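Geometric and topological summary
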Amino acid sequence: KNYMTPNTNLAICLGHQLMALATGADTHKMKYGHRGGNHPVKDLETEEYIFLPESRLCVDTDTLDPVIAKPAFVNVNDGTNEGLSYVGKNIFTVQFHPEACPGPQDSAYLFDRFISMM
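Criteria and thresholds
Residues numbered from 1 in each chain as written. Predicted model: local features only at pLDDT ≥ 70, side-chain atom pairs only at ≥ 80, totals over all residues. Heavy atoms only, no water. Core = buried A, V, L, I, M, F, W, Y, C linked by side-chain atoms within 4.5 Å. Buried < 20%, exposed > 50% of the residue type's maximum accessible area, 1.4 Å probe, protein only. Helix = DSSP H or I, 4+ residues; strand = E, 2+ residues; numbered from the N terminus. Contact = heavy atoms within 4.5 Å. Arc of directions from axis to C-beta. pLDDT = per-residue confidence, 0-100. Polar contact = N/O pair within 3.5 Å; in protein donor to acceptor, adjacent residues only side chain to side chain. Pairing = 2+ DSSP bridges. Axes fitted to C-alpha atoms, helices over the stretch in contact; angles between N-to-C directions.

1. Some points on the nonpolar core
Counting residues in each nonpolar core, the largest one holds 12 residues, listed as Leu-10, Val-41, Ile-50, Leu-52, Ala-72, Phe-73, Phe-92, Val-94, Phe-96, Leu-110, Phe-114 and Met-117. Looking at this core element by element, the count peaks at 3 residues for helix α2 (residues 108–117). Apart from the residues lying within four places of it in its own chain, the contact partners of Phe-92 are Asn-9, Leu-10, Ala-11, Phe-73, Leu-84, Ser-85, Leu-110, Arg-113, Phe-114 and Met-117. Counting residues in hydrophobic clusters, the runner-up holds 10 residues, among them Ala-11, Ala-20, Ala-25 and Ile-91.

Shown next as structure tokens:
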């Protein structure tokens, strides 16, 4: 039975990691992590760049089942995963905190995307 059947979901940080783990992917602690602020992250759907604060964990995209989820955001500096889009579901996840307004509204459009999915 598939227990991952929410109507719409935007999972942030730990939620991103838990969603990945619940669907069979692995996470790992990065050797150095993303310390400090303003790490560039690319939205693979819109090709937009967001500048974000630090993180220490990431989802291992090699363990993702492409039938379940695909990378949606990537750290430009080191290529690590910063978010996922779930195939055939109104679910996307981000490792970073868009609600923290890391830049001048860099990530505000993500909430618009989430609202339009509802």
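2. Structural notes on helix α1 (residues 14–22)
Turning to α1, its buried residues are His-16, Gln-17, Met-19 and Ala-20. Looking straight down α1, one finds its buried side chains confined to an arc of 160°; they lie on one side. Those residues of α1 that are exposed and aimed more than 90 degrees away from the buried face are Leu-14 and Ala-22.

3. Observations concerning the confidence of the model for the protein chain
Model confidence for the protein chain is summarised by a mean pLDDT of 81, while 81% of its residues fall at 70 or above. Averaged pLDDT values over the elements of the protein chain bottom out at 76 in strand β2 (residues 26–34) and peak at 94 in strand β6 (residues 69–75).

4. Quick look at the environment of Thr-93
Here Thr-93 shows up in strand β8 (residues 90–94). For Thr-93, a relative accessible area of 0% corresponds to the buried category. Between the alpha carbons of Thr-93 and Ala-11 there is a distance of 4.5 Å; along the sequence they are 82 residues apart. Not counting chain neighbours up to four residues away, the residues in contact with Thr-93 comprise Ala-11, His-16, Met-19, Phe-73, Glu-82, Gly-83, Leu-84 and Tyr-86. In this structure the side chain of Thr-93 is engaged in a polar contact, spanning 2.7 Å, whose partner is the side chain of His-16.

5. Some points on the sheet that holds β8
Pairing within the open sheet is mixed, and its 6 strands lie in the order β1-β8-β7-β6-β3-β4. Both outer strands of the open sheet, β1 (8–12) and β4 (49–52), are each paired with one neighbouring strand and no more. When strand polarity is set aside, the average angle formed by the axes of neighbouring strands in this sheet is 20°. Each of β1, β3 (39–43), β4, β6 and β8 is contacted by α2, which is oriented at about 160° to β8, the strand it contacts most.

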